[in-house]
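A closer look at the structure
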Amino acid sequence: MASHDPHSYADLEQAAIRHVTFDLRMDFGQRQLAGTALYELDRPVQGTLDLDTRDLTIVSAEASGRPLSPELGSPDPIRGQRLRLKGLHGASSFKLQFVTSPGANALQWLTPAQTAGGRQPFLFTQCQPHHARSIFPCQDSPSVRFTYDATLDVPSPLAAVMAAAPIGREESGGRRRFTFRMPQSIPSYLLAFAAGEIDSRDLSPRIRVYAEPETLDAAAWELAETEAMLAEAEKLYGAYPWERYDMLVLPPSFPYGGMENPRLTFLTPTVVVGDRSLTNVIAHELAHSWTGNLVTNATWEDFWLNEGWTTYAERRILEALEGEESAMLRAISGRLLMARAMDRFGWDADATRLQFSQAGIDPEDVISHVAYEKGYSFLVRLERAVGRQAFDAFTHRYIADHRFQSITTEAFVAFLRRELPQAARRVDLKSWLYEPGLPADAPDFPTPLMDAVSSVLFDLQEGHPPTKDGVAQWNTTQIYLFLQYLPRHLSLKECRALEDALSLKTTPIDLFLSQWLEIAIQSEYRDVLPVAEDLVGRVGRMLIILPVFRAIVQAEWSRPRARPLFERVRSGHHPITVRAMENLLALQGL
Ligand code: BES
Ligand code: ZN
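In what follows, the accompanying structure is described. In this text the structure is predicted, and so the values were computed from the model without any measurement. (Residues numbered from 1 in each chain as written. Chains lettered and ligands numbered in written order. Predicted model: local features only at pLDDT ≥ 70, side-chain atom pairs only at ≥ 80, totals over all residues. Heavy atoms only, no water.)

One ladder, built from ten bridges, connects strand β11 (residues 145–155) with strand β14 (residues 175–187); its direction is antiparallel. Within β14, the residue paired with Asp 153 across the bridge is Arg 177. Note: strand β13 (residues 165–172) against β14, seven bridges, orientation antiparallel. Across the sheet, the residue bridging to Ser 172 is Arg 175, located in β14. Linking β13 to β14, which pair antiparallel, is a turn of two residues; within it Gly 173 sits at a positive phi near 60°. (Pairing = 2+ DSSP bridges. Helix = DSSP H or I, 4+ residues; strand = E, 2+ residues; numbered from the N terminus.)

We now examine the packing of helix α5 (residues 324–345) against helix α13 (residues 476–485). Put simply, α5 and α13 touch, their axes get as near as 10 Å, and they point 25° apart. The angle between α5 and α13 falls in the class roughly parallel. Here α5 runs over α13; the crossing is left-handed. The segment α5 lies against α13, with Leu 329, Arg 330, Ile 332, Ser 333, Leu 336, Leu 337 and Arg 340 engaging Thr 477, Gln 478, Tyr 480, Leu 481, Gln 484 and Tyr 485. Of the residues contributing to the contact of α5 with α13, the split by class is seven nonpolar, four polar and two charged. (Axes fitted to C-alpha atoms, helices over the stretch in contact; angles between N-to-C directions. Parallel < 35°, antiparallel > 145°, perpendicular 65-115°, else oblique. Left-handed = near helix turned anticlockwise from the far one by under 90°. Contact = heavy atoms within 4.5 Å. Nonpolar A, V, L, I, M, F, W, Y, C, P; charged D, E, K, R; others polar.)

Once that is clear, we can look at unusual backbone geometry. The omega torsion across Gln 128 and Pro 129 is 0°, close enough to zero to call that bond cis. Mapping Pro 129 onto the fold places it in the loop between β10 (122–125) and β11. With an omega dihedral of 5°, the bond running from Ser 156 to Pro 157 counts as a cis peptide bond. By the secondary structure assignment, Pro 157 is in the loop between β11 and β12 (159–162). Despite not being glycine, Arg 31 shows a phi value in the positive range, around 55°. By the secondary structure assignment, Arg 31 is in the loop between β1 (17–27) and β2 (32–41). For Arg 31, a relative accessible area of 29% gives the class partly exposed. Even without being glycine, Arg 276 reaches a positive phi, approximately 60°. (Buried < 20%, exposed > 50% of the residue type's maximum accessible area, 1.4 Å probe, protein only.)

Donor atoms from the polypeptide that bind the zinc ion (ligand 2) are His 284 (NE2), His 288 (NE2), Glu 307 (OE) and Glu 307 (OE), placed at 1.9 to 2.7 Å. For the zinc ion (ligand 2), the six donor atoms in the first shell make angles of 53 to 159° at the metal, so the coordination geometry reads as irregular. Along the chain, the residues donating to the zinc ion (ligand 2) fall in the pattern H-x3-H-x18-E. A residue pair is termed long-range when its members are at least 10 positions apart, and His 284 in helix α3 (residues 280–287) and Glu 307 in helix α4 (residues 303–322) qualify at 23 residues. (Donors = N, O, S within 2.8 Å, 3.2 Å for Na, K, Ca; no water. Tetrahedral: all angles 85-135°; square planar, octahedral: opposite > 155°, others 65-115°.)

Looking at ligand 1, there are 18 residues lining it, with Gln 128, Gly 257, Glu 260, Glu 285 and Tyr 372 nearest. Between ligand 1 and Gly 258 there is a distance of 3.3 Å, counted from a nitrogen atom to a backbone nitrogen or oxygen. With respect to ligand 1, the side chain of Arg 541 contributes an N or O atom lying 3.2 Å from an oxygen atom. Residue assignment for the shell around ligand 1 shows that the elements contributing at least two residues are β19 (258–259), α3 and α4. (Near = heavy atom within 4 Å. Polar contact = N/O pair within 3.5 Å; in protein donor to acceptor, adjacent residues only side chain to side chain.)

Turning to the nonpolar core, a few remarks are in order. Within the largest apolar cluster, 194 residues are counted, with the highest numbers of intra-cluster contacts made by Tyr 148, Phe 412 and Trp 516. If you tally residues by element for this core, the top one is helix α17 (residues 542–554), at nine residues. Here Tyr 148 is in contact with His 19, Val 20, Phe 22, Met 162, Ala 163, Ala 164, Arg 181, Met 182, Ile 186 and Leu 191, once residues within four sequence places are set aside. (Core = buried A, V, L, I, M, F, W, Y, C linked by side-chain atoms within 4.5 Å.)

Spatially, three strands are ordered β3-β7-β6 in an open sheet, and the strand pairing comes out antiparallel. Edge positions in the sheet fall to β3 (49–53) and β6 (71–72), since each of these pairs with one other strand and no more. As judged from the two bridges shared by β6 and strand β7 (residues 81–85), these two strands associate in the antiparallel manner. Paired with Leu 72 across the two strands is Leu 83, which belongs to β7.

For the rest of this paragraph, the subject is the side chain of Arg 541. With respect to the helices, strands and loops of the structure, Arg 541 is situated in the loop between α16 (529–538) and α17. One buried charged side chain, Arg 541, makes no salt bridge at all; its nearest oppositely charged neighbour is Glu 285, positioned 7.4 Å away. Beyond its immediate stretch of four places on either side in the chain, Arg 541 contacts Pro 252, Phe 254, Pro 255, Tyr 256, Gly 257, Thr 268, Thr 270, Val 271, Val 281 and Leu 511. (Lys, Arg positive; Asp, Glu negative; His and termini not counted. Salt bridge = Lys/Arg side-chain N within 4 Å of Asp/Glu carboxyl O.)

The strand order β16-β17-β18-β20-β19 describes an open sheet built from five strands, whose pairing is mixed. Only two strands of the sheet have a single partner each, and these edge strands are β16 (199–204) and β19. Bridge count for strand β17 (residues 207–211) against strand β18 (residues 246–249) is two bridges, and the pairing is parallel. When the bridges of β18 are listed, Tyr 210 appears paired with Leu 248.

Another aspect to go through is the environment of Gly 274. Here Gly 274 is to be found in the loop between β20 (264–267) and α3. Considered as a pair, Gly 274 and Leu 12 are 262 residues apart in the sequence and their alpha carbons are 48 Å apart. Discounting chain neighbours no more than four positions away, the residues touching Gly 274 are Trp 221 and Glu 222.

Turning our attention to α13. Across the ten residues that make up α13, a large majority, nine, are buried. Next to the buried residues of α13 lie α5, α12 (448–461), α14 (492–501) and α15 (510–522). Sitting at the head of α13, Asn 475 places a side-chain oxygen 3.0 Å from the backbone nitrogen of Thr 477.

Right, let's talk about the packing of aromatic side chains for a bit. With the rule as written, the count across this model stands at 33 aromatic pairs. Look at Tyr 240 and Tyr 245: their rings are 6.3 Å apart centre to centre, the planes differ by 85°, and that puts the pair in the edge-to-face class. In this pair, the class of Tyr 240 matches that of Tyr 245, namely buried. For the pair Trp 309 and Tyr 312, a centre-to-centre distance of 6.1 Å together with 85° between the ring planes defines the contact as edge-to-face. On the criterion of helical spacing, the pair formed by Trp 309 and Tyr 312 is a turn pair, its members being three residues apart in helix α4. (Phe/Tyr/Trp six-rings, centres within 6.5 Å; stacked < 30°, edge-to-face > 60°.)

Structure, rendered in structure tokens:
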């Protein structure tokens, strides 16, 4: 489907990439990938082909045995550099040789000290949204899909894994060559691989967990219920389309909770807490197998189609496994995350719309809980307008009709009007999709699980902080919600009481710490600063550390510590995380 993607130089009128054969060699000393890629196009190119790159060096280019002279345009902060290939003269394939830069946005090169084992270096990719172009020249738009073959050449004794089917492995001269094949077509943002000291364990005939040897036991235990989730997801959305669902638990610097790389979800180790209470991240990434990876947003302007639908599917899977109350509670928590994001943007800001023009905007600057939770609320609104049965039948058709395709918000609206006209009539689509803030008819999510939390919050307001016994029966989502709803400024006495009642000094759940430290710092509870500084250095997941770092930057008493803290921890963080921290410092002129 042709659509204009403001974040890509690709011109799909020229031709579209359909298959790539990669050969990538990892050099940990230089922090560099040296690669060749053979591209096959959907049609012969008459004249010119434009590709996306960022921080790449093009070593050579050829088509039909003839050298091409590649032209790199001037760097744009958002799109990177256009690579223009001229004189293709009807060729429908071409070959490029290239080298990445040590600062490539899609790559994080870890020293042995930054891994759990401490023995070997580690490399992982994170391409979403627009970073694949820092690994290889491509049409880096989610509207272009291709299959691929790949060889990853790594130093022995490292292992390489990829979001693809492993085919083979050979060893010689101190190097190992792993080969992969991806038979299902993917957009560039789902290209993914990693290398390091990686072991694995089977959880079911189609599910395996990969992790460093030190974390494998705990990871395998934590993720043991994945097959049950997969079975529920198949009941809801049809047969699993990617054959295998494996997971890779990354070192702590991984910047996200999870990333839905097909066949191989990437996961933060912060979900491995010993009680399986954070595995909703798995339900989420698994759900992307249908909503996102199979039916894909055409551009990042349509991101809600990926994340809103996936948040909806995540909660349906969890509802089937844990019951409706639990799903409602998660929805309340999500709604509050969304409201805080809208507070930060301003409730009439463009970033609070589900869809808006992102020309000249870095998608990473506007990605937020809005797409997830306003998108989720919109879909629940549609569901409640027509009843679940009709909505589920619609969802089935939506997925079946758009398999392995990319779709715009407008195409979704057209499909909805045709296939679920009652919903399109009863719900104000224009205000939900294109207007800022949250529409007045947003669904609410009543549950007694929340009432318990509200009553303890009320007592606190009345001057009676909770006791250990008062919250002993709460599940993880309830505690998280309680922390989310706490006033942002507390007295020191209240801080100490809460720290004790919720065992915050010893909790293994960094997500709790994140919520708590944000409040504690804003409340000038100075005792927590070492814990906060430790967290910001130890964890990479942005959802966890950015609120804490933001609080350190904003509170006057801790502000002088912000820049030195950043300088101390930056070398351990992912390029994306470093950029986000720099933005926070810049906001305060630091
Ligand atoms: N696809 C996202 C992660 C992402 C989004 C990476 C945008 C880069 C740009 C992934 O599926 C996701 O949403 N992860 C969440 C999981 C949570 C909502 C359960 C996360 O990382 O916290
Ligand atoms: Zn997601």
